[in-house]
Amino acid sequence: MNRTINMIALTLVIVGALNWGLIGFFGFNLVNFLLGGWPLIERLVYILVGICGLYSFMFYMYLNHEI
């Protein structure tokens, strides 16, 4: 279960990072392009990416224990 949650969180953080990279380099919002017809779903994706970003802070704790 924990591994599944970690993989989902990491995937959404990567999607968010790639989306911001596309916005920064080309002014192209992939999430809006894919979900522009569904603004509530688009907003939900942004919320989930933000939550996963916060969740990813736990990896710092993991890295501290590994060192």
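Novice: Residues and numbers for the environment of leucine 54, please.
Specialist: Relative to the elements of secondary structure, leucine 54 occurs in helix H3 (residues 39–55). The exposure class assigned to leucine 54 is exposed, which follows from its relative accessible area of 59%.

Novice: Talk me through the packing of aromatic side chains; I want residue IDs and the actual numbers.
Specialist: Counted by the stated rule, this structure contains two aromatic pairs. Pairing phenylalanine 25 with phenylalanine 26 gives two aromatic rings, centres 6.2 Å apart and planes at 50°, and the pair type is tilted. The pair phenylalanine 25 / phenylalanine 26 is uniform in exposure class, with both members exposed. Between the aromatic rings of phenylalanine 28 and phenylalanine 33, the centroid separation amounts to 5.3 Å while the plane-to-plane angle is 50°, which identifies the pairing as tilted.

Novice: Lay out the packing of helix H1 (residues 2–26) against H3 in plain terms, naming residues and giving numbers.
Specialist: Put simply, H1 and H3 touch, their axes get as near as 8 Å, and they point 115° apart. Between H1 and H3 the crossing geometry is left-handed. Listed contacts from H3 to Asn2, Ile5, Asn6, Ile8, Ala9, Leu12, Val13, Gly16 and Asn19 of H1 are Tyr46, Leu48, Val49, Cys52, Gly53 and Tyr55. Of the residues in the contact of H1 with H3, the class split is 10 nonpolar, five polar and no charged.

Novice: I'd like a rundown of H3, residues and numbers included.
Specialist: Here H3 is 17 residues long and its end C-alpha atoms lie 24 Å apart, about the 24 Å a rise of 1.5 Å per residue gives. Those residues of H3 that fall on the buried side of the exposure criterion are Glu42, Val49 and Cys52. Along the long axis of H3, the arc covered by the buried residues comes to 85°, so they all point the same way. Exposed and facing more than 90 degrees away from the buried side of H3 are Pro39, Leu40, Arg43 and Leu54. Along its buried surface, H3 packs onto H1 and helix H2 (30–35).

The rules behind the values
- Residues numbered from 1 in each chain as written.
- Predicted model: local features only at pLDDT ≥ 70, side-chain atom pairs only at ≥ 80, totals over all residues.
- Heavy atoms only, no water.
- Helix = DSSP H or I, 4+ residues; strand = E, 2+ residues; numbered from the N terminus.
- Buried < 20%, exposed > 50% of the residue type's maximum accessible area, 1.4 Å probe, protein only.
- Phe/Tyr/Trp six-rings, centres within 6.5 Å; stacked < 30°, edge-to-face > 60°.
- Axes fitted to C-alpha atoms, helices over the stretch in contact; angles between N-to-C directions.
- Left-handed = near helix turned anticlockwise from the far one by under 90°.
- Contact = heavy atoms within 4.5 Å.
- Nonpolar A, V, L, I, M, F, W, Y, C, P; charged D, E, K, R; others polar.
- Expected span 1.5 Å × (residues − 1).
- Arc of directions from axis to C-beta.

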